[in-house]
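Structural description and commentary
Read off the chains here:
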Amino acid sequence: MSSEIITSSGPVAAPARVTGWQRRSQWGLAVRALRRDKVAVAALVVLVAVALVAVLAPWISPYDPLVGDPRTRLLPPGTPGHLLGLDGQGRDILSRLMWGGRYSLTVAVVPVVCAGLLALVIGMASGYRGGRWGEAVMRVLDVVFAFPIVLFAIALAAVLGAGLVNTMVAVGITLVPYMSRVVYTSTVQESAKEYVEAARAAGATDLEILRKQLLPNVLSPLVVYGTTLAGLVIVLAAGLSFLGVGITPPAPDWGVMTADGRQVLLEGYAHVATVPGLVILVVALAFNLLGDGIRDALDPHKQTS
């Protein structure tokens, strides 16, 4: 029996069922390609190390991040017992960095994941159905693009108020239009391909096409984009805290620490702001490099090279 299906564009092969073994094989190729990228592996090691330190902070931090000694305030890095020095209130900077990773990584990961899930629903529904409804959704989201992402996040944070949860909500809302656009574009491109038309001709429902045919192909660019956005969110959340509309003192957030260091920067105590600023830079850069590595690893041409 012929395995071809007659569609409006002519006969095409019936969509083959992708087995679990085939999916594992594809992921295996991607993992092997990622392992060959030394820069991406190094970035992943940095992020895993930072995450482990943040999780283990209650047990490995040498001092309480909220308790300081005014008699030892602003001591420089290398002070006995205080590797990275102390801040303006005599609190150990290393301990605050360890605990601050909990806030900063949470703000970086949770909004990206939540915004990505919402973007999948909005982008795939509007991209697959198309027509006036899809265009209307995209035009509404396009309104958001008229505002710079930083200003939009600041405005939302100012309306919602300071705090960890409100900061994550503000950042998440800011990311939804950008991630939805990526999903929408990928869905429109994939929906026009023959394998989707063949699945539709074979009697697959819209839900089955979205879940089995489109989702695996749409998810890859979203994961890459989301990983890159996490680096941006680290900087964005730190900026909100720096401006006083994000996480507020005395929480040991990296942005809060940088804001505290600004007050003594001109007095010659640059380490108070420089150390957390460098940590923000390294972690944000690691997210971006990992995103580039994942993008290359998911490229079929580079998997076999």
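Notes on the structure follow. No experiment lies behind these values; they were computed from the predicted model shown. (Residues numbered from 1 in each chain as written. Predicted model: local features only at pLDDT ≥ 70, side-chain atom pairs only at ≥ 80, totals over all residues. Heavy atoms only, no water.)

**A look at the overall build of the protein**
- Each helix and strand in the protein was counted, giving twelve helices and two strands.
- Reading the secondary structure of the protein in the N-to-C direction produces β-β-α-α-α-α-α-α-α-α-α-α-α-α.
- Considering the protein as a whole, with its 305 residues, one finds that 42% of them fall into the buried category.
- At a minimum sequence separation of 6, the contacts of the protein that also span at least 24 residues come to 71%.
- For the protein, the computed accessible surface area is about 16000 Å², with 68% contributed by carbon and sulfur atoms. (Helix = DSSP H or I, 4+ residues; strand = E, 2+ residues; numbered from the N terminus. Buried < 20%, exposed > 50% of the residue type's maximum accessible area, 1.4 Å probe, protein only. Contact = heavy atoms within 4.5 Å. Areas by Shrake-Rupley, 256 points an atom, 1.4 Å probe, with all protein chains shown as cover.)

**Overview of helix H6 (residues 149-160)**
- Relative to the 16 Å expected for twelve residues at 1.5 Å per residue, H6 spans 16 Å between its end C-alpha atoms, a close match to the ideal helical length.
- Among all positions of H6, only Ile149, Phe152, Ala153, Leu156 and Ala157 are buried. Taken end-on, H6 shows its buried residues confined to a sector of 130°, consistent with a single buried face. Exposed residues on H6 whose side chains face more than 90 degrees from its buried face are Leu151, Ala158 and Val159. (Expected span 1.5 Å × (residues − 1). Arc of directions from axis to C-beta.)

**Some details on helix H9 (residues 206-243)**
- Relative to the 56 Å expected for 38 residues at 1.5 Å per residue, H9 spans just 46 Å between its end C-alpha atoms, considerably shorter than the ideal helical length.
- Where H9 bends most, the angle comes to about 55°, and this point is Leu214, followed within four residues by the proline Pro216. (Bend = angle between axes of the 7 residues up to and from the residue.)

**Points about the pattern of salt bridges**
- All chains considered together, the criterion is met by nine salt bridges.
- Between Arg96 and Asp87 there is a salt bridge whose closest N-O contact spans 3.8 Å.
- On the basis of relative accessible area, Arg96 is assigned to the buried category, the value being 1%.
- Across the pair Asp296 and Arg295 runs a salt bridge, and its minimum N-O distance is 3.3 Å.
- When its relative accessible area of 44% is taken as the criterion, Arg295 is described as partly exposed.
- Residues participating in the shared-partner salt-bridge network are Asp87, Arg91, Arg96 and Asp260. (Salt bridge = Lys/Arg side-chain N within 4 Å of Asp/Glu carboxyl O.)

**A look at the nonpolar core**
- In this structure, Leu175, Met179, Ile234 and Val283 are the most contacted members of the largest nonpolar core, which totals 58 residues.
- Breaking this core down by element, the ones donating at least two residues are helix H2 (38-55), helix H4 (93-129), H6, helix H7 (164-191), helix H8 (194-201), H9, helix H10 (254-262) and helix H11 (271-297).
- With 14 residues, the single largest contributor to this core is H9.
- The contacts of Leu175, once residues within four sequence positions are left out, are Pro111, Val112, Ala115, Ile149, Leu229 and Val233. (Core = buried A, V, L, I, M, F, W, Y, C linked by side-chain atoms within 4.5 Å.)

**A word on the side chain of Thr174**
- With respect to the helices and strands, the residue Thr174 is situated in helix H7.
- Leaving out residues up to four positions away in the same chain, Thr174 has contacts with Ile149, Phe152, Ala153 and Leu156.

**Some points on the packing of H4 against H9**
- One way to put it is that H4 packs onto H9 with a least axis distance of 8 Å and a crossing angle of 145°. As for how H4 packs across H9, the hand of that crossing is right-handed.
- Of the residues in the contact of H4 with H9, the class split is 18 nonpolar, three polar and two charged. (Axes fitted to C-alpha atoms, helices over the stretch in contact; angles between N-to-C directions. Left-handed = near helix turned anticlockwise from the far one by under 90°. Nonpolar A, V, L, I, M, F, W, Y, C, P; charged D, E, K, R; others polar.)

**As for the side chain of Asp253**
- Residue position: Asp253 is located in the loop between H9 and H10.
- We note that Asp253 is buried and unpaired, the nearest opposite charge coming from Arg96 at a distance of 8.5 Å.
- Polar side-chain contacts of Asp253 include one of 3.0 Å to the side chain of Ser241.
- A polar atom in the side chain of Asp253 sits 2.9 Å from the backbone nitrogen of Gly255. (Lys, Arg positive; Asp, Glu negative; His and termini not counted. Polar contact = N/O pair within 3.5 Å; in protein donor to acceptor, adjacent residues only side chain to side chain.)

**Section: a nonpolar patch on the surface**
- A surface patch of nonpolar side chains, amounting to about 740 Å² of accessible area, comprises Leu44, Val48, Leu52, Val53, Val55, Leu56, Trp59 and Ile60.
- Looking at the nonpolar patch, the elements with two or more residues in it are H2 and helix H3 (57-60).
- With five residues, H2 is the largest single contributor of residues to the nonpolar patch.
- If you trace the backbone, Trp59 turns up in helix H3. (Patch = residues over 30% accessible without salt bridge, like charges linked within 9 Å, V, L, I, M, F, W, Y side chains within 5 Å.)

**Some details on unusual backbone geometry**
- Note the cis peptide between Pro249 and Pro250, where omega equals 5°.
- Position of Pro250 relative to the elements: it lies in the loop between H9 and H10.
- Look at Leu74: it is not a glycine, yet its phi comes out positive at around 65°.
- On the accessibility criterion, Leu74 (5% relative accessible area) is buried.

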